[in-house]
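A structural walkthrough
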Amino acid sequence: MSTPATPPRSLAEALRNRDDASLAALLRSRPDLITPVPTDLTQLATRAGTRGSVVRALERLDRFALQTAEALAVAGDPASYDELAGLMAGDARDAAVVHALPRALATLREQALVWGADDRLRLVRTARELLAPSPQHPSPTGLGPTVAEATAGMSPGRIQEIVTASGLPSTHDSVSAVAALTRLFTARRRMKALLGRAPEESLEVLNRLVWGPPYGQVTAEPASHLRWLIDRGLLLPTAPGTVVLPREVALHLRAGRAHRETEPVAPAVEAKATHRPQVVDTTAAGQAYTALATVEELLKDWDEGGPTVMRAGGLSVRDLKRTAVALDVAEPVAAFWVELAYAAGLLASDGDADERYAATPAHDEWLELPAAQRWARLAEAWLTATRTSGLVGGRDAKERTLSALGPGLDRSAAPEVRHRVLGLLAGLPEGASPAAESVLARLRWERPVRGAGGAQEGAQAGDDLRSRLARWTLSEAEMLGVTGRGALSAQGRALLGPRGVTAVDSPSGVSAPSGDSSSSGPSSPSGPGDKLPVHHHHRPPAPPDPLSPAEQAAASAAAARLLAPLLPEPLDHVLLQADLTAVAPGPLERPLADMLDVLADVESKGGATVYRFTPGSVRRALDAGRSASDLHDFLTAHSRTPVPQPLAYLIDDVARRHGHLRIGAASAYVRCDDDAVLSEILADKRSAGLRLRRLAPTVLAAQADPAALLDGLRAMGFAPAAESADGDVVITRAHARRTPPRTAPEPVPDGPPTPDATLLSAAIRAIRAGDRASTTPLKSTPSPNGELPRTSSAETLATMQAAVLTGDTLWIGYVNAEGAASQRVIAPIRVEGGFVTAYDHTADEVRTYPLHRVTGVAELAED
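Worth saying up front: this structure is predicted, and the values here are computed from it rather than measured. (Residues numbered from 1 in each chain as written. Predicted model: local features only at pLDDT ≥ 70, side-chain atom pairs only at ≥ 80, totals over all residues. Heavy atoms only, no water.)

Considering the overall build of the protein
Secondary structure assignment for the protein yields 34 helices and 25 strands. Buried residues in the protein amount to 48% of all 863 residues. Considering only contacts within the protein whose residues lie at least 6 apart along the sequence, 67% involve residues at least 24 apart. (Helix = DSSP H or I, 4+ residues; strand = E, 2+ residues; numbered from the N terminus. Buried < 20%, exposed > 50% of the residue type's maximum accessible area, 1.4 Å probe, protein only. Contact = heavy atoms within 4.5 Å.)

Notes on the packing of helix α22 (residues 436-446) against helix α24 (residues 465-480)
Their axes nearest at 10 Å, the elements α22 and α24 cross at an angle of 140°. When the interaxial angle is binned, α22 and α24 end up oblique. The way α22 lies across α24 gives a crossing that is right-handed. On α24, the residues that touch Ala436, Glu437, Leu440, Leu443 and Arg444 of α22 are Arg466, Ser467, Ala470, Arg471 and Leu474. Per-class residue counts for the contact of α22 with α24 are five nonpolar, one polar and four charged. (Axes fitted to C-alpha atoms, helices over the stretch in contact; angles between N-to-C directions. Parallel < 35°, antiparallel > 145°, perpendicular 65-115°, else oblique. Left-handed = near helix turned anticlockwise from the far one by under 90°. Nonpolar A, V, L, I, M, F, W, Y, C, P; charged D, E, K, R; others polar.)

Thoughts on unusual backbone geometry
Residue Pro36 follows Thr35 across a cis peptide bond; omega there is -5°. Take Pro36: it is sitting in the loop between α2 (20-29) and α3 (41-48). Look at the link from Gly212 to Pro213: it is a cis peptide, with omega at -5°. On the secondary structure map, Pro213 appears in the loop between α13 (200-209) and β3 (215-217). Residue Leu405 is not a glycine yet carries a positive backbone phi of 65°. With respect to the helices, strands and loops of the structure, Leu405 is situated in the loop between α20 (371-384) and α21 (414-426).

Regarding the packing of aromatic side chains
Here the structure, examined in full by the defined rule, presents three aromatic pairs. The ring of Trp366 carries Arg374 above its face, with NZ or CZ at 5.4 Å from the centroid. (Phe/Tyr/Trp six-rings, centres within 6.5 Å; stacked < 30°, edge-to-face > 60°. Lys NZ or Arg CZ within 6 Å of the ring centre and 35° of its normal.)

Overview of the sheet that holds strand β4 (residues 236-239)
Within a sheet, neighbouring strands are paired by backbone hydrogen bonds and run either parallel or antiparallel to one another. Strands sit in the order β3-β5-β4 across an open sheet of three strands; the sheet is antiparallel. A strand with exactly one partner marks an edge of an open sheet, and here the two such strands are β3 and β4. Pairwise comparison of adjacent strand axes, ignoring direction, gives a mean angle of 40° for this sheet. (Pairing = 2+ DSSP bridges.)

Concerning the pattern of salt bridges
Tallied over the full model, the rule gives 32 salt bridges. Between Asp410 and Arg387 there is a salt bridge, with its nearest N and O atoms 4.0 Å apart. Taken together, the residues Asp410 in the loop between α20 and α21 and Arg387 in the loop between α20 and α21 connect sequence positions 23 residues apart. A salt bridge links Glu416 to Arg466; the shortest N-O distance between them is 2.8 Å. Here Glu416, found in helix α21, pairs with Arg466, found in helix α24; they are 50 residues apart in sequence, far enough to count as distant. Connected through shared salt-bridge partners, Arg158, Glu161, Arg227 and Asp231 make up one network. (Salt bridge = Lys/Arg side-chain N within 4 Å of Asp/Glu carboxyl O.)

A look at the nonpolar core
Leu15, Phe185, Leu234 and Leu235 are the most contacted members of the largest nonpolar core, which totals 92 residues. When residues no more than four places from it in sequence are discounted, the contact partners of Leu235 are Val205, Leu206, Leu209, Leu226, Leu229, Ile230, Val243, Val244, Leu245 and Pro246. Membership of the second largest hydrophobic core comes to 70 residues, among which are Val269, Ala291, Leu391 and Ala414. (Core = buried A, V, L, I, M, F, W, Y, C linked by side-chain atoms within 4.5 Å.)

Topic: the sheet that holds strand β21 (residues 810-815)
In spatial order, the strands read β24-β23-β22-β21-β25; together these five strands make up an open sheet with antiparallel pairing. Here the strands that pair on one side only, and so sit at the sheet edges, are β24 (845-850) and β25 (854-859). This sheet shows a mean twist of 45° between the axes of neighbouring strands, independent of strand direction.

Quick look at the confidence of the model for the protein
Looking at the protein as a whole, the pLDDT averages 83, with 87% of positions reaching at least 70. Mean pLDDT across the secondary structure elements of the protein bottoms out at helix α23 (residues 452-457), with 34, and peaks at strand β11 (residues 487-488), with 96. Note on residues 450-462: pLDDT is under 50 here. Beyond four places in sequence and across chains, it has 19 contacts. (pLDDT = per-residue confidence, 0-100.)

So, empty space enclosed by the protein
Within the structure shown, the criterion is met by three cavities of 30 Å³ or more. As a volume, the largest cavity reaches approximately 80 Å³. Lining the largest cavity we find Phe336, Glu339, Leu340, Ala343, Ala381, Trp382, Ala385, Arg387, Ser389, Arg418 and Glu476. Of all the secondary-structure elements, those providing two or more residues to the lining of the largest cavity are α18 (331-343) and α20. Its residues assigned to classes, the lining of the largest cavity comprises six nonpolar, one polar and four charged. (1 Å grid on protein atoms, 1.4 Å probe; cavity = no way out; pocket = protein on both sides within 12 Å on 5 of 7 lines; lining within 4 Å. Points joined across faces, edges and corners; volume = space filled by probe spheres on them.)

Section: the side chain of Ser22
By the secondary structure assignment, Ser22 is in helix α2. Looking at Ser22, its side chain comes within polar contact range of the side chain of Arg18, at 3.4 Å. (Polar contact = N/O pair within 3.5 Å; in protein donor to acceptor, adjacent residues only side chain to side chain.)

Describing the side chain of Ser438
Residue position: Ser438 is located in helix α22. Among the polar contacts listed, one links the side chain of Ser438 to the backbone nitrogen of Glu270, at a separation of 3.1 Å.

A word on helix α32 (residues 706-715)
Those residues of α32 lying buried are Leu709, Leu710 and Leu713. Mapping the buried residues of α32 onto a view down its axis gives an arc of 100°, with all of them on the same face. Turned more than 90 degrees away from the buried face of α32 sit Asp711 and Ala715, all of them exposed. Of the residues flanking the end of α32, it is Gly717, one or two places downstream, whose phi is positive at about 100°. (Arc of directions from axis to C-beta.)

Considering the environment of Asp579
By the secondary structure assignment, Asp579 is in the loop between β12 (575-577) and β13 (581-584). A residue is classified by how much of its surface remains accessible, and Asp579, at 42% relative accessible area, is partly exposed. For the pair formed by Asp579 and Phe613, sequence separation is 34 residues and the distance between their alpha carbons is 9.0 Å.

Structural notes on the environment of Gly484
Tracing the sequence through the fold places Gly484 in strand β10 (residues 483-484). Note on Gly484: relative accessible area 0%, which makes it buried. The contacts of Gly484, once residues within four sequence positions are left out, are Val280, Thr283, Ala284 and Glu478.

Considerations on the packing of helix α5 (residues 63-74) against helix α6 (residues 81-89)
It is at 10 Å that the axes of α5 and α6 come closest, and there the two elements cross at 120°. Considering their axes alone, α5 and α6 lie oblique with respect to each other. The two elements α5 and α6 meet at a crossing, and its hand is right-handed. Where α5 approaches α6, its residues Phe64, Gln67, Thr68, Ala71, Leu72 and Val74 are matched on the opposing element by Leu84, Leu87 and Met88.

Encoded structure:
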């Protein structure tokens, strides 16, 4: 028969009793503990108790697990499971709380925030310091100090007076007197009898303090009903004029509950409306098509150089307004599209002296992709980006305005919130759109603790950063076509990948329990001490780990395949009309769309795009190197209707006058073979600002630059053309400005990444081996303070050679080339040429070490 294991005396011992699967679960849930890999379990336990790591772990607890930790912080140290259950479920033993408590306790144990057996539960000291109530940091429980804490500075005589007034016999010392008071306040029947003699006004005072804050102000001469409470210790003085309700008294008045309201069950995400899945998918596809058109229009508007970059970085307010007008959207929506294009690597700053924003070379590659793949790239960039366009227009911690494309817009929580919101939508039945408030309530339950940014940026109470990110996610997903009519589309579901879909909530908000776990007690650990199974009963669906880049690429490709059949096929024709317009009844093929953008101006958008031909737009096509015959042939080839006569006349008329005037650079000059035209220009009063004078019958000189001269004459109704120094017509081609190659902005990580299975396995092997080296008894004690072994070179060599013959395992100290010292457990295989070749249990592989870098060696005791 095996003897039962002794209870762990420290967190390190509790971790030592865990199996590898349980350690892997700890390191996966708290990846900061593995950066860098601890040398042994003692170092892992020390790191798990540091303030930064504990704060991070507490911030990732759900509301009920956090309430359980808060209850342990006001319980005894150590506390029994029954005491914890009483604080959480109250005297009435709330069935839902009793049922969910084993799951919450298992979560705290798994994350190394609680250790010890069920009869000696201990909250990690740092967590207790963070969660325990104090005057400076009130507890969310609303409880005050214990009787022992509140009477710590009280005189022995005063304590004896309180004991006597409470009807207790006097004691010989203050310690026993405080213990007697504590027993009285925790005895339900005796306390009921004591309070039954209290004046009505005294009970009203207690009722005002019972749920916190527990502190109150009193005068130097309290009223009789207050004096009755103070004399019996039901209110204890903490400072002159201040009294506090002791914790034990408050718990009696609360019927044992540490919290006014416990939330053992995650609130369910409620469906607001249900649509046919086909309607959702087609609506989302329409939004996706609009999203592509909007981004293309934005980049087309910035093709030849966009707005200038402000000195502090980003777009100015004026440029954002101008962009919003060009896209015909509100400014916050324009900021979203600008940031999305930037996150996808389609636009960036050019880096010139007069720095401006422009399309990147990647934009041209993006345009060549099929529409569905272009959308998938935008959706993937949005899903993983940490830049948050919703913050544009707000202020940072230094009260500086946050601008689009500027610094300060990264929020590391954004990708996790987007994935989680979409995952909750995926858990609803297909075609169901959620009630937004139910999504926010679920997120607040899953992460109730605000981050540092959320407390500063919350616009109003309860509107923390995560809630605002969730609201923005719902609206942005609709604009982008990830959702349709508020419900997750098929392509949006595929974008999350197979691991991103959460199980549908049960009516109670959690998945049904499995197995035969008792609902009235703690879950039994599998093995001695704190050894826990990997899976725990009563655990609600946890958010899945983020997809790897390869998995996300595969998910994006699957989303594109689902979207492709829903997008309209690009057309190769337009419908020309007699009013100098062309109607495109759908999306156009790329060459046709590019040519029409030069030859005509967009007049209206929607299901069909209307283009209008004007003298200016025709001249733009001629400036780009097209001839009149090219334009006629183009329209004839791509129109399903005959070319209207007014349009043919417009092209011929503009072409006939195009280039009749030539403008070049001297300062600037105008040249024309017809001197009568030049005389007409000189006689026109509108040319006064150009300050023209005749140099020759066919040449005018101007005191304006060529560009201003071109614009001025075009405004007068002429169709001049620019010419080069050789006298050739300068062809101006659109879409010429591009930035140098740019990479998309990297997301700002939210702490260390979650380790993969390979890293976890290697780290656990190294920790186990290091722990074995530090805890295994040695045959000799080479160092009195337990540091790395120190032996002479001769002794080291002799011990190594002997171990090769006997097969013993040795503990060595080793200093690498960078001077970093470490301890290792090795089994020497060969010693020659100043090197030892051995199986390194720490690294789980055969390695060769120079003997001169071995500080010392010690034999491990036989088991």
